[in-house]
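Coordinates in review
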Amino acid sequence: MLHITQALTAYIITITAALGLIMGSFLNCMAWRMTHSESVLKGRSHCASCNHVLGALDLVPVVSWLLLKGRCRYCGRKISPRYPAAELVTAVVFVSLVLRYDVSFTTLKFLLLACVLIALSLVDFEQYILPDSLVIAGILIFIIMSPFNNTSFLKTIFSGIAGSLAVTVPLLILVLLADKITGKETMGGGDIKLLFMVGLYFDWRLNLMLLIFACFLGLLLALLMGKAKPGTPFPFGPAIGAAAFLVMLIGEPLLNWYIGLFYYGLYF
């Protein structure tokens, strides 16, 4: 559907980007409220510094932040660039997934998963926690979207659980051993629960790729945040989320290319 005409392609991409910006704004708000014990569904948006209720002109994704030069209209306090950055990232994620999977149930499934992962990442950046409620939301999305796969519902559920456990169980054993040897926590339980949730969406091979990506991205994030010293805590959730996004986009082509190298070697 996406490539029927150039005009239709441009229209779908434009709508997708706009929805991504709007959803990014909502996820920003949701993450902030979750970390400050406020209701996600009740109450109007307000300034985090002066608590002044924000008007419509203050809530236009990215544009409002730019026009206000990154400051609150009412108290003049600085507004973190994290907010427009998250909105732009969400828009890029939305557009990338639509370009990758066209207009389909797979796209919808991964868009919903991406929203959960972005929210989890924002909360993890803020408080170094991964709320169980968001992890459960990711599991429910997997279950709800399973009937729309090409395989049967039960087979999809079983395959997802098997693929997830194939990676998370060995990882959990290694983490427990490392905790025992070092006498301290080497990996948060929330990170393992997040890996289990994300693992439901892929088979064991892609989950292994996801874990490798997450480790490299986590190391990069720790270096950028100045938290690469042993024993220094840092938010690993964003690295898992970014790794999952990479697997959504390039996981299968990269895996097929890698497996193809062995067939090529055997042939010659």
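These numbers were taken from a predicted model, which means no experiment stands behind them. Here, residues in each chain are numbered from 1, in the same order as that chain's written sequence. Given that the model is predicted, a residue must reach a pLDDT of at least 70 before its local features are reported, and side-chain atom pairs must reach 80 or more before they are shown or counted; all residues, however, enter totals for whole chains, interfaces and linings. Side-chain numbers here rest on the full set of heavy atoms in the structure, without hydrogens or water.

**Comments concerning the nonpolar core**
To be explicit about the condition: Residue types Ala, Val, Leu, Ile, Met, Phe, Trp, Tyr and Cys, when buried and joined through side-chain atoms within 4.5 Å, form a set referred to as a nonpolar core. The cut-offs for exposure are 20% and 50% of the maximum accessible area for each residue type, with area from a 1.4 Å probe on protein chains only; residues under the lower value are buried, those over the upper are exposed, and the others partly exposed. Put simply, DSSP marks the helices as runs of H or I at least four residues long and the strands as runs of E at least two long, and each gets a number from the N terminus on. The contact criterion used throughout is that any non-hydrogen atoms of two residues lie within 4.5 Å.
In this structure, L97 and M197 are the most contacted members of the largest nonpolar core, which totals 55 residues. Taken together, the elements giving at least two residues each to this core come down to α1 (6-35), α3 (82-101), α4 (105-127), α5 (132-145), α6 (153-182), α7 (189-199), α8 (204-224) and α9 (237-267). Per element, the largest residue contribution to this core is 12 residues, and it comes from α4. Leaving out residues up to four positions away in the same chain, M197 has contacts with L113, V116, L117, L120, V135, G138 and I139.

**Here's the deal with α4**
For the α-helix, the turn length of 3.6 residues means that residues three or four positions removed from each other point alike. As a reminder, the rule being used: In a helix, the anticipated span is given by 1.5 Å times the number of residues less one.
Here α4 spans 33 Å end to end across 23 residues, near enough to the 33 Å set by a 1.5 Å rise per residue. One or two steps after α4, the chain reaches Y128, where phi turns positive at roughly 60°.

**Observations regarding unusual backbone geometry**
The phi dihedral of V62 falls on the positive side, at around 65°, and the residue is not glycine. Inspection of the secondary structure assignment puts V62 in the loop between α1 and α2 (63-67). Looking at V62, the relative accessible area reads 15%, which means it is buried. In this structure, Y128 is a non-glycine residue whose phi angle is positive, near 60°. Tracing the sequence through the fold places Y128 in the loop between α4 and α5.

**Notes on the packing of aromatic side chains**
Condition: Any Phe, Tyr or Trp ring, taking Trp's six-membered ring, that has another such ring centre within 6.5 Å forms a pair; planes under 30 degrees apart are called stacked, those over 60 apart edge-to-face, and the others tilted. Each ring is checked for a lysine NZ or an arginine CZ that lies within 6 Å of its centre and within 35 degrees of its normal; such an atom marks a charge sitting over the ring.
Inspection of the entire model under this criterion finds four aromatic pairs. Judged by centre distance (5.3 Å) and plane angle (50°), the ring pair of Y101 and F110 falls under tilted. We note that Y101, like F110, is buried. Centroid distance F110 to F202: 5.9 Å. Interplanar angle 20°. Geometry classified as stacked. Of this pair, F110 sits in helix α4 while F202 is found in the loop between α7 and α8, placing the two residues 92 residues apart along the sequence. One aromatic cluster is present, formed by Y101, F110 and F202 through successive ring pairs. One Lys or Arg, R100, reaches over the ring of Y101 and ends 4.6 Å from the middle of that ring.

**Quick word on a nonpolar patch on the surface**
The following threshold applies: In this analysis, a patch consists of residues with relative accessible area above 30% that form no salt bridge, clustered at 9 Å for like charges and at 5 Å for the nonpolar side chains Val, Leu, Ile, Met, Phe, Trp and Tyr. Only the protein chains shown count as covering a residue, and every accessible area follows the Shrake-Rupley method with a 1.4 Å probe. Salt-bridge detection follows one rule: a side-chain nitrogen of Lys or Arg within 4 Å of a carboxyl oxygen of Asp or Glu.
On the surface, I161, L165, V169, I173, L174, L177 and I181 cluster together into a nonpolar patch covering about 660 Å² of accessible area. Relative to the elements of secondary structure, V169 occurs in helix α6.

**Details of the environment of F158**
In this fold, F158 is placed in helix α6. On a C-alpha basis, the gap between F158 and L200 in space is 9.2 Å, while along the polypeptide they are 42 residues apart.

**So, empty space enclosed by the protein**
Selection rule: In this analysis the probe radius is 1.4 Å and the grid spacing 1 Å, with only protein atoms considered; a cavity is a set of points the probe fits into but cannot get out of, a pocket is an open set with protein on both sides within 12 Å along at least five of seven lines, and lining residues have an atom within 4 Å of a point. Grid points are joined across faces, edges and corners, and a volume is the space filled by probe spheres set on the points. Polar here means any residue outside two lists: the nonpolar Ala, Val, Leu, Ile, Met, Phe, Trp, Tyr, Cys and Pro, and the charged Asp, Glu, Lys and Arg; Gly therefore counts as polar.
Applying the stated criterion to the full structure yields one cavity of 30 Å³ or more. Together, S164, V167, T168, L195, V198, G199, N207, L210 and L211 line the largest cavity. Only α6, α7 and α8 provide two or more residues apiece to the lining of the largest cavity. The class makeup of the residues in the lining of the largest cavity is five nonpolar, four polar and no charged.

**Regarding the pattern of salt bridges**
One pass over the full model with this rule turns up four salt bridges. Notably, a salt bridge pairs D132 with K193, separated by 2.7 Å at the nearest N-O pair. Of this pair, D132 sits in helix α5 while K193 sits in helix α7, placing them 61 residues apart in sequence. Of the residues examined, K193 reaches a relative accessible area of 40% and is grouped as partly exposed. A salt bridge links D203 to R205; the nearest nitrogen and oxygen atoms lie 3.1 Å apart.

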